[in-house]
Amino acid sequence: MSAEKLKELKEGRPKLFDFQGISMINYFTDNWENVQNFQTRPDDILIATYPKAGTTWVSYILDLLYFGKDMPERQTTLPIYERVPFLEFAVPVMPTGTELADALPTSPRLIKTHLPVQLVPNGFWEKNCRMVYVARNAKDNAVSYYHFDRMNQVQPEPGDWSTYIENFMQGKTVFGPWYDHVTGWWEKKQTHSNILYLFYEDLIEDTSRELERLCSFLGLSTSLEERERIRGGVQFDAMKANPMANYSTIPVMDFKISPFMRKGKVGDWKNHFTVAQNEKFVEHYKERMKNSTVAFRTQT
Ligand code: PPS
């Protein structure tokens, strides 16, 4: 990317606008026609999340499960965002998500999206593609997203934490309300056996168990030894130190403000929420989530 273009991007933070009922920015809607008409294949695997729920973690796990043994050069040469293209991504001067996905030489193709379930392109449903959804408890998700918006020049300016948490509760964050995202995918999963719904907190608690669940869902007979090798490679410290997994090669993120691999913990919200913010959040949460059976572990 040219220095001039980078400067332009850094100076002009994008603004939120309503897109089909969801708060969005132009970087995820500018390529919409190609996103909606994306030519899927039956073996495509879609990794779907609300931003900051563990997308990179699960993307890396799936990439290692499928290609870790047979394509070792991939591990040292290709950053995760090229191995697992971000479908709706359309930031000037970089290739769009659909271009990267169309050019993927692998089979299956692993594709990332943050779209709420109702905006997922038809092709993925028509071809009955498998989808792995990852959800993270709202409080930690909000904290992680706040720090991401601070450091990522192609995200809207988050303001201070107290402003941000209000906006999060109102769904005024990119990809809309966390509440509708996690419950929308949860409802869809009830009638679609090709959706696996994972929780970030479960991955933290027992990565080996979740790896087994993934293998069983994907029909992979990966040996215990290989799974253990993968588990080691995808631990937080290993991914944080790995330039192919830690986003250090992306120019629009300022790691001096906050690194992409920030803390990787459950319960960091306690270092951010005041008592009053927590009380208000919990009340609002109960109301917003009262019609859903999805249950999160937040460390209260
Ligand atoms: S994005 O931008 O939406 O793709 O971000 P995403 O990858 O979904 O989320 C980033 C957060 O996930 C944490 N992370 C991990 N936690 C534990 N173990 C591993 N291996 C791991 N990899 C990524 C990452 O640190 C971000 O969370 P926070 O809380 O900000 O640290």
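Everything below is about the structure shown above.
Attention in this report is confined to the structure presented alongside it. Everything numeric here is computed off the predicted structure, so don't read it as measured data.

## Here we look at the environment of K188
1) Next: When you line up the elements, K188 lands in helix α10 (residues 178-191).
2) Next: Between the C-alpha atom of K188 and that of E205, which follows or precedes it by 17 residues, the distance is 25 Å.
3) Next: Those residues in contact with K188 that sit more than four places away from it in its chain are V117, W125 and I195.

## Comments concerning the site of the ligand
1) Next: Taken together, 23 residues form the shell around the ligand, and within it T55, T56, S144, Y200 and K263 come nearest.
2) Next: Here an oxygen atom of the ligand and a backbone polar atom of G54 are 3.0 Å apart.
3) Next: Here an oxygen atom of the ligand sits 2.6 Å away from a polar atom, N or O, in the main chain of K263.
4) Next: When the free accessible area of the ligand is taken as 640 Å², the share hidden by the protein chains comes to 98%.
5) Next: Mapped by element, the contributors of at least two residues to the shell around the ligand are α3 (55-67), α8 (138-151), α11 (200-205) and α14 (236-241).
6) Next: Residue contributions to the shell around the ligand peak at three residues, all from α3.

## Quick word on the pairing of strand β4 (residues 110-113)
1) Next: The two faces of β4 match: L110 and K112 on one face and I111 and T113 on the other face are all buried.
2) Next: Sheet topology places strand β3 (residues 45-49) next to β4; four bridges connect them, and they run parallel. Looking at β4, one finds that L46 is bridged to I111.

## A closer look at the environment of L78
1) Next: Here L78 lies in the loop between α4 (72-77) and α5 (80-83).
2) Next: Distance from L78 to R227, taken between C-alpha atoms, is 21 Å for residues 149 residues apart in sequence.
3) Next: Here L78 is in contact with R83 and M244, once residues within four sequence places are set aside.

## Quick notes on α8
1) Next: For α8, spanning 14 residues, the distance from its first C-alpha to its last is 20 Å, which sits close to the expected 20 Å at 1.5 Å a residue.
2) Next: Most of α8 is tucked away, with 13 of its 14 residues classed as buried.
3) Next: With a side-chain oxygen lying 3.2 Å from the backbone nitrogen of K139, the N-terminal cap of α8 falls on N137.

## Here we look at unusual backbone geometry
1) Next: Backbone torsion omega between S107 and P108 reads 5°, so that peptide bond is classified as cis.
2) Next: Within the fold, P108 resides in the loop between α6 (97-102) and β4.
3) Next: Here the phi dihedral of K52 falls at roughly 75°; this positive angle occurs in a residue that is not glycine.
4) Next: Unusually for a residue other than glycine, F175 sits at a positive phi of about 85°.
5) Next: Considering the arrangement of structural elements, one finds F175 in the loop between α9 (161-169) and α10.

## Focus: the side chain of N278
1) Next: On the secondary structure map, N278 appears in helix α15 (residues 275-289).
2) Next: Since its relative accessible area comes to 18%, N278 is described here as buried.
3) Next: For N278, the residues in contact, after removing those within four places along its chain, are K139, W269 and F273.

## Remarks on the state of the cysteines
1) Next: Counted according to the given criterion, the structure contains zero disulfides.
2) Next: Just so you know, C129 is unpaired, no disulfide at all, and the nearest cysteine sulfur is the one on C215, 20 Å from it.
3) Next: The class of C129 is buried, set by a relative accessible area of 0%.
4) Next: A residue is classified by how much of its surface remains accessible, and C215, at 3% relative accessible area, is buried.

## Overview of the packing of aromatic side chains
1) Next: A full pass over the atoms with the stated rule returns 33 aromatic pairs.
2) Next: Ring geometry for Y146 versus W161: centroids 5.3 Å apart, planes at 65°, classification edge-to-face. Placement of the pair is Y146 in helix α8 and W161 in helix α9, with a sequence separation of 15 residues.
3) Next: The class for W161 is buried, based on a relative accessible area of 10%.
4) Next: Pairing F273 with F281 gives two aromatic rings, centres 5.2 Å apart and planes at 85°, and the pair type is edge-to-face. Across the pair, exposure class does not vary: F273 and F281 are buried alike.
5) Next: The positively charged end of K52 is found above the aromatic ring belonging to F148, 3.5 Å away from the centroid.
6) Next: Geometry around F86 places K112 over its ring, the cationic atom sitting 4.4 Å from the centre.

## Thoughts on the packing of α9 against α15
1) Next: Put simply, α9 and α15 touch, their axes get as near as 11 Å, and they point 5° apart. By the criterion of interaxial angle, the relationship of α9 to α15 is roughly parallel. Note on element contacts: α15 touches α9 through Q277, K280, F281 and H284, opposite W161, S162, I165, E166, F168 and M169.
2) Next: Looking at the contact of α9 with α15 residue by residue, the classes come out as five nonpolar, three polar and two charged.

Conventions we followed
- Residues numbered from 1 in each chain as written.
- Predicted model: local features only at pLDDT ≥ 70, side-chain atom pairs only at ≥ 80, totals over all residues.
- Heavy atoms only, no water.
- Helix = DSSP H or I, 4+ residues; strand = E, 2+ residues; numbered from the N terminus.
- Contact = heavy atoms within 4.5 Å.
- Near = heavy atom within 4 Å.
- Polar contact = N/O pair within 3.5 Å; in protein donor to acceptor, adjacent residues only side chain to side chain.
- Areas by Shrake-Rupley, 256 points an atom, 1.4 Å probe, with all protein chains shown as cover.
- Buried < 20%, exposed > 50% of the residue type's maximum accessible area, 1.4 Å probe, protein only.
- Pairing = 2+ DSSP bridges.
- Expected span 1.5 Å × (residues − 1).
- Disulfide = S-S within 2.5 Å.
- Phe/Tyr/Trp six-rings, centres within 6.5 Å; stacked < 30°, edge-to-face > 60°.
- Lys NZ or Arg CZ within 6 Å of the ring centre and 35° of its normal.
- Axes fitted to C-alpha atoms, helices over the stretch in contact; angles between N-to-C directions.
- Parallel < 35°, antiparallel > 145°, perpendicular 65-115°, else oblique.
- Nonpolar A, V, L, I, M, F, W, Y, C, P; charged D, E, K, R; others polar.

Coordinates in, geometry out; function isn't part of it.
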